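Overview (structure and organization)
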Amino acid sequence: MNLDWAAFTPAQAAAGGLLIGAAAVLLMAGAGRIAGISGILGGLLPPRRDGLWRVAFLAGLCASPWLYQWGAALPTITVEAGTPRLIVAGLLVGIGTRFASGCTSGHGVCGLSRGSRRSFVATAVFMAAGFATVYAVRHLAGG
């Protein structure tokens, strides 16, 4: 395994983790809601009617890169996959979050911190699927 030292940013990673944790705590304390992005986004679809807090949370999430730029330069992002592959990947992630009754933010951040066994299992499955996918792409598909 090779570590890309130029991309190794522990201070920024720790700050990001603290901000994610703070957002999850504030949402739970203020609205009594879990900060699971798939649930927040899905709750905007009909027949739900409690969308104002959801819109505010997602707006803050989308605005964060611009806020980050005030303190540091955004990293360069290169996506080597084509549009069809990204669409299929997005659909698979969406299907997975429906089967798991939540996403990595809901289970991995909020569920694990609450000691949820279901979230532990879901997060373990998410991680195993990610490891298997990387292995398959790098070693079996000739990537």
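Summing up its helical and strand segments, the protein chain has six helices and zero strands in all. N-terminal to C-terminal, the α/β element order of the protein chain is α-α-α-α-α-α. Across its three principal axes, the protein chain shows a C-alpha extent of roughly 45 × 40 × 35 Å. The proportion of buried residues among the 143 residues of the protein chain is 16%. Long-range pairs, those at least 24 residues apart, make up 34% of the contacts in the protein chain with a sequence separation of at least 6.

Residues V88, L92, I95 and F99 make up a contiguous nonpolar surface patch of about 460 Å² in total accessible area. The class for V88 is partly exposed, based on a relative accessible area of 47%.

With that settled, the discussion passes to the layout of surface pockets. Put simply, the largest pocket is a space of about 920 Å³. Along the walls of the largest pocket sit 25 residues, with G16, L19, I20, L61 and S64 positioned nearest its centre. Ranked by residues supplied to the lining of the largest pocket, first place goes to helix 1 (residues 10–31) with 10 residues. Within the lining of the largest pocket, the residues separate by chemical class into 18 nonpolar, seven polar and no charged. Looking at the second largest pocket, its volume works out to about 570 Å³. What lines the second largest pocket is a set of 23 residues, and nearest its centre among them are G36, S38, G39, I40 and S101. Of all the secondary-structure elements, those providing two or more residues to the lining of the second largest pocket are helix 2 (37–42), helix 3 (52–69), helix 4 (83–99), helix 5 (104–113) and helix 6 (117–140). Take the lining of the second largest pocket: its biggest share by element is four residues, from helix 2. Classifying every residue of the lining of the second largest pocket gives five nonpolar, 12 polar and six charged.

Let's shift gears to the state of the cysteines. Cysteine pairs can be linked by a disulfide, which is a covalent bond between their two sulfur atoms. According to the stated counting rule, one finds zero disulfides in the structure shown. Just so you know, C62 is unpaired, no disulfide at all, and the nearest cysteine sulfur is the one on C103, 14 Å from it. Under the relative-accessibility criterion, C62 is labelled exposed at 52%. Residue classification places C103 among the buried positions, given a relative accessible area of 9%.

Time to look at helix 6. An α-helix turns once every 3.6 residues. As a result, residues three or four positions apart point the same way. In this model, helix 6 (24 residues) spans 33 Å end to end at C-alpha, consistent with the 34 Å of a helix rising 1.5 Å per residue. Regarding helix 6, the residues found buried are S119, A122 and T123. In this structure, the buried side of helix 6 is in contact with helix 5. The distance from a side-chain oxygen at the start of helix 6 to the backbone nitrogen of R118 is 3.4 Å, and the residue carrying that oxygen is S116.

What follows covers the packing of helix 5 against helix 6. One way to put it is that helix 5 packs onto helix 6 with a least axis distance of 9 Å and a crossing angle of 135 degrees. Of the possible angle classes, the one that applies to helix 5 and helix 6 is oblique. Crossing hand, helix 5 versus helix 6: left-handed. Side by side, helix 5 and helix 6 meet where T104, H107, G108, G111 and L112 of the first sit next to R118, S119, F120, A122, T123 and F126 of the second.

Reading the values: rules and limits
Sequence order sets the numbering: in each chain, residues are counted from 1 along the sequence as written. Only residues with pLDDT of at least 70 are given local features in this predicted model, and only at 80 or more are side-chain atom pairs given and counted; all residues enter the totals for whole chains, interfaces and linings. To obtain the side-chain values, all non-hydrogen atoms of the structure were used and water was disregarded. In this description a helix means any DSSP run of H or I spanning at least four residues, a strand means any run of E spanning at least two, and both kinds are numbered starting from the N terminus. For every residue, the accessible area (1.4 Å probe, protein chains only) is compared with the maximum for its type, and the residue is labelled buried under 20%, exposed over 50%, or partly exposed between those bounds. Two residues form a contact once any of their heavy atoms are found within 4.5 Å. Grouping into patches uses exposed residues only, defined as over 30% relative accessible area, and leaves out salt-bridged ones; the cut-off is 9 Å for like charges and 5 Å for nonpolar side chains (Val, Leu, Ile, Met, Phe, Trp, Tyr). Calculation of accessible area relied on Shrake-Rupley with a 1.4 Å probe; when residues are assessed, cover is drawn exclusively from the protein chains displayed. Here, a salt bridge means any Lys or Arg side-chain nitrogen found within 4 Å of an Asp or Glu carboxyl oxygen. Grid spacing is 1 Å over the protein atoms alone, the probe is 1.4 Å, and a cavity is where that probe fits but cannot get out, while a pocket is an open set with protein on both sides within 12 Å along at least five of seven lines and lining residues have an atom within 4 Å of a point. Grid points are joined across faces, edges and corners, and a volume is the space filled by probe spheres set on the points. Following the grouping adopted for this structure description, the nonpolar residues are Ala, Val, Leu, Ile, Met, Phe, Trp, Tyr, Cys and Pro, the charged ones are Asp, Glu, Lys and Arg, and the polar ones are all others, Gly among them. In plain terms, two cysteine sulfur atoms within 2.5 Å form what is called a disulfide here. Expected span of a helix: the number of residues minus one, times 1.5 Å. Polar contact is the term for a pair of N or O atoms within 3.5 Å; when the atoms are in protein, one must be able to donate a hydrogen and the other to accept it, and sequence-neighboring residues count only if both atoms are side-chain atoms. In this analysis, axes come from line fits to C-alpha atoms, helices being fitted only over the stretch in contact, and the angle between any two N-to-C directions falls in the range 0 to 180 degrees. An angle below 35 degrees is read as roughly parallel, one above 145 as roughly antiparallel, one from 65 to 115 as roughly perpendicular, and any other as oblique. Working rule for handedness: look at the near helix, and if it is turned counterclockwise from the far one by less than a right angle, call the crossing left-handed; if clockwise, right-handed.

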